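Coordinates in review
Below are the chains, spelled out letter by letter.
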Amino acid sequence: DAGITQSPRHKVTETGTPVTLRCHQTENHRYMYWYRQDPGHGLRLIHYSYGVKDTDKGEVSDGYSVSRSKTEDFLLTLESATSSQTSVYFCAISAVGNQPQHFGDGTRLSIL
Amino acid sequence: DQQVKQNSPSLSVQEGRISILNCDYTNSMFDYFLWYKKYPAEGPTFLISISSIKDKNEDGRFTVFLNKSAKHLSLHIVPSQPGDSAVYFCAASGRNEKLTFGTGTRLTIIP
């Protein structure tokens, strides 16, 4: 299995609070991705990174920011969480572009 | 707009028979296609892929077929086993680093 660790695995928080999710990889892969999974939508790309300090927006980036200061860590931040951001968040990595991506086990985030 | 569509939310198949999962896409720039399998409380696991230069790729019990003119791909699982019960996502990409996923099909294998 690809060495991908997501933390925390579960989190419950309140509307308006900041939240940071962490993705840590031990594979030294260049590309890292954040997705959210919601019923009826499959997996949707939030942001991705193609190198240290190099990031770009995905399909559903509004309300989210990311940072990558080291190859192994990719952080996803919700500056002011809203109930619509209640979801399961997955991190993925790949060595070359997106072919194929390997996923972490997800973070279940509930915003009350 | 949904560029990758899986029109069957669920599918039930008898153990030992063939499972066929379908996926349609609309973006003619997609040139690489993948299938992922997902169990509850786990991340998706890569299963098999196919490039647009091929029309078939096989890996053990899993075969993916690509029909470019119809913008359609399918995943065949033969024979189906109870451990194949999961949600299956198809995904597609073009010349960038992004994957576009379908909404998934829940496959249930009946013993």
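Here, the structure is the one placed above.
Overview of the structure. Being a predicted model, the structure only gives us computed values, none of them experimental.

How each quantity is defined
- Residues numbered from 1 in each chain as written.
- Chains lettered and ligands numbered in written order.
- Predicted model: local features only at pLDDT ≥ 70, side-chain atom pairs only at ≥ 80, totals over all residues.
- Heavy atoms only, no water.
- Contact = heavy atoms within 4.5 Å.
- Buried area = accessible area lost by both parts, 1.4 Å probe.
- Salt bridge = Lys/Arg side-chain N within 4 Å of Asp/Glu carboxyl O.
- Polar contact = N/O pair within 3.5 Å; in protein donor to acceptor, adjacent residues only side chain to side chain.
- Helix = DSSP H or I, 4+ residues; strand = E, 2+ residues; numbered from the N terminus.
- Nonpolar A, V, L, I, M, F, W, Y, C, P; charged D, E, K, R; others polar.
- Core = buried A, V, L, I, M, F, W, Y, C linked by side-chain atoms within 4.5 Å.
- Buried < 20%, exposed > 50% of the residue type's maximum accessible area, 1.4 Å probe, protein only.

1. Thoughts on the interface of chain B and chain A
With 18 residues of chain B at the contact, the number on the chain A side is 22 residues. For the pair chain B and chain A, the summed buried surface comes to about 1,600 Å²; carbon and sulfur atoms form 59% of the total. Linking chain B with chain A are 0 salt bridges, by the criterion used here. Summed over the shared surface of chain B and chain A, the number is 3 residue pairs in polar contact (both at pLDDT 80 or more). Of all elements in the fold, only β4 (32–38) and β9 (86–93) of chain B reach the threshold of two or more residues within the side of chain B that touches chain A. The leading source of residues in the side of chain B that touches chain A is β4(B), at 4 residues. Grouping the amino acids of the side of chain B that touches chain A by side-chain chemistry returns 9 nonpolar, 5 polar and 4 charged.

2. A look at the nonpolar core
Among soluble globular proteins, nonpolar side chains are generally buried collectively. All names here are of chain B. F33, W35, L73, L75 and Y88 are the most contacted members of the largest nonpolar core, which totals 23 residues. For this core, the secondary structure elements donating two or more residues are β3 (19–25), β4, β5 (45–51), β7 (62–67), β8 (72–77), β9 and β11 (105–110). Tallying contributions element by element places β9 first for this core, with 4 residues. Among all residues touching L73, those that are not within four sequence positions of it are L21, N22, C23, Y25, F33, W35, V64, F65 and L66.

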